[in-house]
Amino acid sequence: MKSVVFLLKMMGVVVAIPFLIPVAIVLHRLDRRRLRKAANQAHCGSCGAILGSASLQRADEVWAEHVATLMRDRPGIRFRLIRHLRATCVVCGAEYDFDAARGVFVAMATVA
Ligand SMILES: [Zn+2]
């Protein structure tokens with residue numbers, strides 16, 4: 001009986017994948033659009049510059065470098081990472097998380 005239930009669940013997953021992938025793509029694009037809109041209206045708390053789309057791209061690059069460094073330094077480890085870095089000011093380098101509930105960027109604490 002358990003194998004029949006498992007088989008039905010697996011068939012449900014296979015049937016749902018063609019619908020779930022486009023939904024995931026649309027949700028990702030909506031999230032990026034929301035971030036971009038908020039970044040174009042947000043000012044850096046350190047230097048006053050508008051964060052803009054460039055700050056999102058810079059944060060993506062910084063995060064990719066961080067993950068690459070982790071994987072290079074600790075090969076074979078499966079990381080479970082939660083990304084908080086969403087924007088990096090291109091003028092001064094201040095880092096920001098995104099508060100999705102309020103739709104604003106929040107300065108991240110710096111480690112001395
Ligand atoms: Zn700045």
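Just above, that's the structure.
Let me sum up the structure you'll find in this document. (Residues numbered from 1 in each chain as written. Predicted model: local features only at pLDDT ≥ 70, side-chain atom pairs only at ≥ 80, totals over all residues. Heavy atoms only, no water.)

### Describing the pattern of salt bridges
Going by this rule: A pair is scored as a salt bridge if a Lys or Arg side-chain nitrogen falls within 4 Å of a carboxyl oxygen belonging to Asp or Glu. Only DSSP runs of H or I reaching four residues or more are called helices, and only runs of E reaching two or more are called strands; each is numbered from the N terminus.
Tallied over the full model, the rule gives 4 salt bridges. For the salt bridge of Arg-83 with Asp-60, the shortest nitrogen-to-oxygen distance reads 2.8 Å. Note that Arg-83 is positioned in the loop between helix H2 (52–73) and strand E1 (87–88) and Asp-60 in helix H2, a separation of 23 residues in sequence. Look at the salt bridges and you will find they share partners, linking Arg-32, Asp-60 and Arg-83 into a network.

### Here we look at the pairing of strand E3 (residues 104–107)
Which entries qualify depends on this criterion: Pairing between strands is defined by DSSP: at least two bridges between the two strands are required.
One ladder, built from 4 bridges, connects strand E2 (residues 95–99) with E3; its direction is antiparallel. Bridged to Asp-99 within E3 is Val-104.

### As for the nonpolar core
A general tendency of soluble globular proteins is for nonpolar side chains to be buried together. The condition that has to hold: Buried Ala, Val, Leu, Ile, Met, Phe, Trp, Tyr and Cys residues that are joined via side-chain atoms within 4.5 Å together make up what is termed a nonpolar core. For every residue, the accessible area (1.4 Å probe, protein chains only) is compared with the maximum for its type, and the residue is labelled buried under 20%, exposed over 50%, or partly exposed between those bounds.
If you look at the biggest cluster of nonpolar residues, it comprises 13 residues, and the most contacted ones within it are Cys-44, Leu-51, Leu-56, Ala-87, Tyr-96 and Phe-105. Elements that contribute at least two residues to this core include exactly helix H1 (2–41) and E2. Considering each element in turn, this core owes the most residues, 3 residues, to H1.

### Some words on the coordination of the zinc ion
We count it as follows: Water is not part of the atom set, so a site may look incomplete; the donors themselves are N, O and S atoms within 2.8 Å of the metal, or 3.2 Å for Na, K and Ca. Geometry is assigned from the angles between donors: four donors with all angles from 85 to 135 degrees make a tetrahedral site, four or six donors whose opposite pairs exceed 155 degrees while the rest stay between 65 and 115 make square planar or octahedral sites respectively, and everything else is labelled irregular.
Within the protein, the zinc ion binds to Cys-44 (SG), Cys-47 (SG), Cys-89 (SG) and Cys-92 (SG); these donor distances fall in the range 2.2 to 2.3 Å. Between the 4 donor atoms coordinating the zinc ion, the angles at the centre fall across 102 to 118 degrees, so the site counts as tetrahedral. Along the chain, the residues that donate to the zinc ion are spaced as C-x2-C-x41-C-x2-C. Residue Cys-89 is classed as buried on the basis of its relative accessible area of 4%.

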